[in-house]
Amino acid sequence: MVFGVGEVRLAVRSVAVSAACPGCGRRSSRLHCYYRRCLADRPVAGRRVRLDLRARRLVCGNDQCGRRTFAEQIEDLTSRHARRTTALTAQLTDIALFRGGRAGARISGRLAMTTCRDALLRVGS
């Protein structure tokens, strides 16, 4: 679906049967609830891309684990508390390392990856 002139939104969800608990590593498929995450992704055809992810919270089945529930992380797409995909973060990191703050922010804006110079410097460090 396209919203406005410069943005594409995609509704996505995981099809994995189970996920590993980050506390103990045990796999679980016992669902606690669903929640929504909105992630920025790399641009396509000069348009910003937003992923509306339907993520799951799962219950850890290990009684010895300190976590009762945990959020599912999708490999090579999400990381904990992130609002960008790992691919976009890697691309912004490269720009920050090669160009720096202000110049990197101008280039990323022209590439439909709008960010401020301070955020770009945080990503690059």
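Refer to the preceding data block for the structure.
Residues numbered from 1 in each chain as written. Predicted model: local features only at pLDDT ≥ 70, side-chain atom pairs only at ≥ 80, totals over all residues. Heavy atoms only, no water.

Peer 1: Explanation requested: the overall build of the protein chain in the structure shown.
Peer 2: The secondary structure content of the protein chain amounts to 3 helices and 7 strands. Judged by the C-alpha coordinates and their principal axes, the protein chain covers about 50 × 35 × 15 Å. Residue burial in the protein chain is summarised as follows: out of 125 residues, 34% are buried. The centroid of the 25 positive side-chain charges in the protein chain is displaced by 4 Å from the centroid of its 9 negative side-chain charges. (Helix = DSSP H or I, 4+ residues; strand = E, 2+ residues; numbered from the N terminus. Buried < 20%, exposed > 50% of the residue type's maximum accessible area, 1.4 Å probe, protein only. Lys, Arg positive; Asp, Glu negative; His and termini not counted. Charge placed at Lys NZ, Arg CZ, Asp CG, Glu CD.)

Peer 1: Explain helix α1 (residues 86-99) to me, please; I cannot follow it from the model alone.
Peer 2: In an α-helix, one turn spans 3.6 residues; hence positions three or four apart end up facing the same way. In this model α1 runs 20 Å from its N-terminal to its C-terminal C-alpha over 14 residues, within 8% of the 20 Å that 1.5 Å per residue would give. Within the sequence span of α1, burial applies to Leu88, Leu92, Thr93, Ile95 and Ala96. Looking down the long axis of α1, one finds its buried residues gathered within 165° of arc, a one-sided arrangement. The exposed residues of α1 that point more than 90 degrees off its buried face are Leu97 and Phe98. Count one or two residues on from α1 and you reach Gly100, which has phi positive near 90°. (Expected span 1.5 Å × (residues − 1). Arc of directions from axis to C-beta.)

Peer 1: For this particular structure, what's the right way to read unusual backbone geometry?
Peer 2: Only a minority of non-glycine residues have a phi that is not negative, and only a minority of peptide bonds are not trans. At Ala45, a residue that is not glycine, the phi angle is positive and equals roughly 55°. Its identity is not glycine, yet His81 carries a phi of approximately 65°, on the positive side. Following the sequence through the fold, His81 ends up in the loop between β7 (69-71) and α1.

Peer 1: Explain the pattern of salt bridges to me, please; I cannot follow it from the model alone.
Peer 2: Where charged atoms from two side chains of opposite charge come close, those side chains can pair. Under the criterion given, the structure shown has 5 salt bridges. Of the charged contacts in the structure, one is a salt bridge between Glu7 and Arg9, with a shortest N-O distance of 3.1 Å. Judged by relative accessible area, which is 24%, Arg9 ranks as partly exposed. Residue Arg48 is joined to Glu7 by a salt bridge in which the shortest nitrogen-to-oxygen separation is 3.2 Å. Here Glu7 lies in strand β2 (residues 7-13) and Arg48 lies in strand β6 (residues 47-59), a separation of 41 residues in the sequence. Given the relative accessible area of 11%, Glu7 is considered buried. What emerges from the salt-bridge pattern is a single network uniting Glu7, Arg9, Arg48, Arg50 and Asp52. (Salt bridge = Lys/Arg side-chain N within 4 Å of Asp/Glu carboxyl O.)

Any functional reading would require information that these geometric values do not contain.
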